[in-house]
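Inside the fold
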Amino acid sequence: MDENDLRALVAAAHRARRPRRVTTDPGRRPKPVPTISICIPTYNRSSMLAELLDSIIAQALEDAIEVVVSDDASPDNTVAVAEGYKGRIKHYTLLSQPKNLGVDGNFLAVVEAAKGDYIWLMGDDDHLEPGGLARVLEAIRRWPGVTGLTLGVIDYDVTMTRRTGIRRIPPTQLIADAGTLFATMGDLLGFMSALVIDRAKWNEIASEPNVSEFKNYYVQVYIIGRVVERFGKWGVVQEPCVGYRSGNDQFNIKFGWLDRLKIDVAAYDQIAFALFADTPAVCEAFRRRIFDTHVMARLNNAKTAAGRTIAVSAAIRYLYGRYHGMPHYWTRAVPTLLAPQWILRNARSAYKRLSPNSGAFRAREMSN
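Residues numbered from 1 in each chain as written. Predicted model: local features only at pLDDT ≥ 70, side-chain atom pairs only at ≥ 80, totals over all residues. Heavy atoms only, no water.

Along the backbone of the protein chain there are 15 helices and 10 strands. Relative to its full complement of 368 residues, the protein chain shows a buried share of 51%. Contacts spanning at least 24 positions in sequence make up 79% of the contacts within the protein chain whose residues lie at least 6 apart. (Helix = DSSP H or I, 4+ residues; strand = E, 2+ residues; numbered from the N terminus. Buried < 20%, exposed > 50% of the residue type's maximum accessible area, 1.4 Å probe, protein only. Contact = heavy atoms within 4.5 Å.)

Written out as structure tokens, the structure is:
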């Protein structure tokens, strides 16, 4: 099915929702296309938010979506910019929080205001890739009742003009249970812009009292774990649907690289032990994936950043307390932290240029 076919189906389903005379053969009516709420928690990023909203408009599937923006008491002109889209997006809701709720609080607030069948959690500095919405709608139709989706991602530079990498993601498939999902690709659940979730199932879990314990900047990962544990059926869409803006991590700027590392490690450990206390093998598989992806990425980025001097001994001590029983702590993390910066920079540059396994290599292949 191409995008023109999908647009026609969306239009037919939209017409089907209007009042009409009763037919004696309801089976002949077009099957409604599920609606998607694109949920955007935002803070102090007005120009980037405008780029995101423009990319949503460019999908040209307005009857299939609503857009919900929640501004977390930004001191800049975010609210004024967001107000300008009220007449440009057909189904549009803007929340202006009177006081700052924090990352997790604003995240939950924007989802609570959504009304679609599915919610698409979207970072305010990212964008939708051309055809991304059509791919998501097609996946939901392909897997009726799917609990949620993980989507393909293209990395860009900070200006969103140059592709810098293609995320490694499993082939398009349906995953049956939470254990398999977290053990094989749990590290991909932390990037909210690549997540689409059944709204009713999300709300069922999000309303539970213990969710408040997981306001650790990754509350969505815990909720997804519980949702898939209860309902199963998580889909993977390998084709790129989202563009990610690199070099714009507000937490890194606010906390510094070491405290940013500690946030990731502590949050994912809390989630792993909470979700999989009864299945230690899954718990450890998930923790290994976090170590091999998030932790090692933080270390490599810190060591290769121009002009940066990092607290090597403090990082070694902290990670030892969490991962000393993991072989990769000794064979990957410690050597990376102790290696001279110039060696790592040259090695990383060569890897990006020459290795087909690197995201940068895949991005060049796509451009070519």
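Now for the confidence of the model for the protein chain. Across the protein chain, pLDDT averages 88, with 89% of residues at or above 70. The lowest-confidence element of the protein chain is helix H1 (residues 3–16), averaging 44 in pLDDT; the highest-confidence one is strand E8 (residues 173–175), averaging 97. Low pLDDT, under 50, characterises residues 9–26; the predicted model gives this stretch 21 contacts beyond four residues in sequence or across chains. (pLDDT = per-residue confidence, 0-100.)

A general trend in soluble globular proteins is that nonpolar side chains are found buried together. Counting 64 residues, the largest nonpolar core has Leu121, Leu181, Trp202, Trp257, Leu299, Leu319 and Tyr323 as its most contacted members. Core analysis: the next-biggest nonpolar cluster, separate from the first, contains 39 residues, Ala82, Tyr92, Trp143 and Val237 among them. (Core = buried A, V, L, I, M, F, W, Y, C linked by side-chain atoms within 4.5 Å.)

With that settled, consider the environment of Thr184. Here Thr184 is to be found in helix H6 (residues 178–185). Each C-alpha atom of the pair Thr184 and Val282 lies 9.3 Å from the other, and the pair is 98 residues apart in sequence.

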